[in-house]
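# Structure at a glance
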Amino acid sequence: MTRESWTTRLGFILAAVGSAVGLGNLWRFPWMTAENGGSAFLVVYLGIILLVGVPGLLAEFVIGRRSKRNPAGALYRLSNGSGSWGIVGLLGVFTALVLLSFYSVVGGWILRYVGASVTGAYFGNPGYFDAISFGAEAAAFHVAFLGLTAFIVVGGVRSGIEKATTVMTPLIVVMLAALAVWAISQSGADAGLAFYLDFDADYLQANPISVLQAAAGQALFTLSLGVGTMITYASYLGEDNSLAFDGSVIALLNTGVGVLAGLVVFPLLFALQGGLSETAAGGGPGALFVSVASAFQQVPFGQLLAVGFFGVVLLAALSSSISMLEIPVAYLVDEHDVSRRSATLGLAGLILVTGTVCALNPGLFTTVSGPVVDTLLTAGLAGFLVFAGWVLGGDALAEYGTGSGRIARALGVPWLWSIRTVLPVFLLVTLGLSLGLV
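A short tour of the structure in this document, coming up. (Residues numbered from 1 in each chain as written. Predicted model: local features only at pLDDT ≥ 70, side-chain atom pairs only at ≥ 80, totals over all residues. Heavy atoms only, no water.)

### A closer look at the overall build of the protein
In terms of regular secondary structure, the protein is built from 21 helices and zero strands. Taken along the three principal axes of its C-alpha coordinates, the protein extends 60 × 50 × 40 Å. Looking at the protein residue by residue over its 438 residues, the buried ones come to 61%. Within the protein, contacts between residues separated by at least 24 positions form 84% of all contacts whose residues are at least 6 apart in sequence. (Helix = DSSP H or I, 4+ residues; strand = E, 2+ residues; numbered from the N terminus. Buried < 20%, exposed > 50% of the residue type's maximum accessible area, 1.4 Å probe, protein only. Contact = heavy atoms within 4.5 Å.)

### Notes on helix α13 (residues 243-273)
A rise of 1.5 Å per residue sets the reference length of α13, with its 31 residues, at 45 Å; its end C-alpha atoms lie 44 Å apart and thus fit the reference within 8%. Of all 31 residues that make up α13, 23 are buried, and the element is covered over most of its length. (Expected span 1.5 Å × (residues − 1).)

### Examining the environment of G120
Here G120 lies in the loop between α5 (83-119) and α6 (128-132). A residue is classified by how much of its surface remains accessible, and G120, at 14% relative accessible area, is buried. With 182 residues separating them along the chain, G120 and G302 place their C-alpha atoms 8.9 Å apart.

### Here's the deal with the pattern of salt bridges
Scanning all chains against the criterion turns up eight salt bridges. The partner of D395 in a salt bridge is R66, and the shortest N-O contact between them spans 3.7 Å. Taken together, the positions of D395 in helix α19 (residues 394-401) and R66 in helix α3 (residues 39-67) put the pair 329 residues apart, joining distant regions of the chain. Between R66 and E399 there is a salt bridge, with the nearest N and O atoms lying 2.8 Å from each other. Highlighted residues: R66 in helix α3 and E399 in helix α19, separated in sequence by 333 residues. Look at R66 and you get partly exposed, because its relative accessible area is 33%. Through salt bridges with shared partners, one network takes in R65, R66, D395 and E399. (Salt bridge = Lys/Arg side-chain N within 4 Å of Asp/Glu carboxyl O.)

### Details of the packing of aromatic side chains
One pair of aromatic rings is described through two measures. These are the centre distance and the angle between the planes. Counted according to the given criterion, the structure contains 26 aromatic pairs. Taking 6.4 Å as the distance between ring centres and 75 degrees as the angle between the ring planes, the aromatic pair formed by Y122 and F310 counts as edge-to-face. Of this pair, Y122 sits in the loop between α5 and α6 while F310 sits in helix α16 (residues 302-336), and the two are 188 residues apart along the sequence. In this structure Y122 comes out as buried when scored by relative accessible area, which is 4%. Connected via pairs of aromatic rings, a cluster forms that spans Y113, Y122, F123, Y128, W182, F296, F309 and F310. Lying across the ring of W390, R420 places its NZ or CZ 4.7 Å from the centre. Taking the ring centre of W417 as reference, the NZ or CZ of R420 above it sits at 4.6 Å. (Phe/Tyr/Trp six-rings, centres within 6.5 Å; stacked < 30°, edge-to-face > 60°. Lys NZ or Arg CZ within 6 Å of the ring centre and 35° of its normal.)

### Examining unusual backbone geometry
One non-glycine residue, N80, adopts positive backbone phi at about 60 degrees. Along the chain, N80 falls in the loop between α4 (71-78) and α5.

### Re the packing of helix α11 (residues 208-222) against helix α18 (residues 362-392)
Where α11 meets α18, the closest approach of the two axes is 9 Å, and the angle between their N-to-C directions is 75 degrees. As the angle between them shows, α11 and α18 are arranged roughly perpendicular. Within the contact between the two elements, α11 uses G217, L220 and F221 and α18 uses V373, D374, L377, T378 and L381. (Axes fitted to C-alpha atoms, helices over the stretch in contact; angles between N-to-C directions. Parallel < 35°, antiparallel > 145°, perpendicular 65-115°, else oblique.)

### Thoughts on the side chain of S323
By the secondary structure assignment, S323 is in helix α16. For S323, a relative accessible area of 2% translates into the label buried. Ignoring any residue separated from it by four or fewer positions in sequence, one finds S323 in contact with S19, T229 and Y233.

### Details of the packing of α4 against α5
Angle between the axes and distance between the axes are the two parameters that describe a pair of packed helices. Packing of α4 against α5 brings their axes to within 7 Å, and their N-to-C directions diverge by 165 degrees. Here α5 runs roughly antiparallel to α4, going by the angle between their axes. As α4 packs across α5, the resulting crossing turns out to be right-handed. Note on element contacts: α5 touches α4 through G83, W85, G86, V88, G89, L90 and V93, opposite P71, A72, L75 and Y76. (Left-handed = near helix turned anticlockwise from the far one by under 90°.)

### Looking at a nonpolar patch on the surface
A cluster of nonpolar side chains, contributed by V143, L352, V353, V357 and L364, occupies part of the molecular surface with about 350 Å² of accessible area. Broken down by element, the residue count for the nonpolar patch peaks at three residues, all from helix α17 (residues 340-360). For V143, the position within the fold is in helix α7 (residues 136-153). Look at V143 and you get partly exposed, because its relative accessible area is 32%. (Patch = residues over 30% accessible without salt bridge, like charges linked within 9 Å, V, L, I, M, F, W, Y side chains within 5 Å. Areas by Shrake-Rupley, 256 points an atom, 1.4 Å probe, with all protein chains shown as cover.)

### A look at the environment of G258
Considering the arrangement of structural elements, one finds G258 in helix α13. Placed 228 residues apart in sequence, G258 and P30 show a C-alpha to C-alpha distance of 8.6 Å. Residues contacting G258, with those up to four places away along its chain left out, are N25, F29 and Y196.

### A word on helix α8 (residues 157-184)
Helix length check: α8 (28 residues) gives 38 Å between terminal C-alpha atoms against 40 Å at 1.5 Å per residue, within 8%. At T165, α8 shows its largest kink, close to 25 degrees. (Bend = angle between axes of the 7 residues up to and from the residue.)

### Looking at the environment of I161
When you line up the elements, I161 lands in helix α8. Residue classification places I161 among the buried positions, given a relative accessible area of 0%. Each C-alpha atom of the pair I161 and F123 lies 35 Å from the other, and the pair is 38 residues apart in sequence. Residues in contact with I161, not counting those within four places in the same chain, are W6, A15, I152, G156, Y233, I322 and E326.

Here it is as C-alpha cells:
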C-alpha cells in the first residue's frame, strides 16, 4: 500500500494543533486549574510546557519522521527489530485505545449539551448533568460521537483528517477568542482574572507536590504526548519541514488556546456567579458543564452563547479524538496491511464496547480519566525520550537538524542531552509521586 502524507505543511500544523487543542484545554484545564489553586497551577503548567512539553514533542517528531511508521512500528524498526522497544511502542497504541474509551464518553456529553443549549433543557435544572452523564443515554451519545470520529478517520490523512482539521482548528481559535472578549467585558470579571492570572505563591508553597503532579499530567495530556499521536502525525511529514519550528508553533498555539479557555471560564463564573461554584472549586469531570452551563442562563441570549461555547468544545473534542483513533488505525495499516476502512470500523467497534463500559460505570470512568491516563502518558513519554536520546542518539540529532535553520540547529545538542537525562528523570519522579513510590 502507498503510504499517505500531508498535502501541505500548514495542514500538518493545524492537524497537530487540533490534536493538542482538545478537551485537555477546554474541559480538563479549567477543572484542573480550579482544583489546584488557579494561578499557582497555571505558572507551573506553563513552565512544564516549555521545559518538558516542547522537547518531548520534538522527540516524538524525530521518531515519527525518521521511521515513517506508527509508534509500535517506529520503535521496532528503528531499534533493528528489538521486541522490547516494540512493546514500548505498543504501549502507545494501547494508551490511545484507553484514552478514546473515556474521551468519547465526554464527547457524548458535549453533543448532548449542544442540543440542550438550543432547547434550554438544562436552564434552571441544576441536576441536569448528573442525570445525563452516565447510563444508557450517555452510552448512546458516546456511540454517536465515536461515529463522527470514525467517519473522519476513514477518509484518510488528506481527505479526512487534514480537510477536517484545516477547517475546525482556526474556527476553534476564532470562536474562543470572541467568547473570551465577551467574558472579560462582563461586570465582575476582574475577580476571575485575578484568581486565574495573579500568582499565588502561598498556595504553591503549601502544595508543591500536588500542583506539580497535576500540571505535569495536564501538560502531557493537552499536548498529546506519551501516546504516540505526534509520532504518527510526523510519520506523514516530508523532509523539508523544520521540526523545531513546527513543534514550537504547535506548542505555542495549543498553550494559547488553553489560556483562552481560562479567560472564558473564570471571568464568566466570577462575573455571573460571584466566584467558583462548589462543583467547579471541587473539580471533577462535571466542573465545566455544570458551572459554565448554569452561568449562561443568567445572561441575555444565553442559549445562543451556550450553543457557541459548546460548539467550540465539540470541534475541539473531535479534532483530538480523530488523532487518537488514527494511532491504532495506522498500526493496523502499516504493520498488518489492513485496509484503512476495515481498521477504522473494527477499532471503532472495540471502543464502542470499552467506552460503553465507562459510560455505565462512573467509578471506572473517573479512574481511567485520571490516574490511569496520567500514568500511561508519563511512562510512555519517558520511554519515547529514552529511545530518541539513547537508541537513536546521533541519528535523532541528524533528523532534528534536517530542514532546520541555524538557530534551531545550534540548540540541537542541548535538546539531545535534555531528553537523555533531565527530562526522563523528571518524568519518572513525577510518575513515582503519582504512584506513591517516591
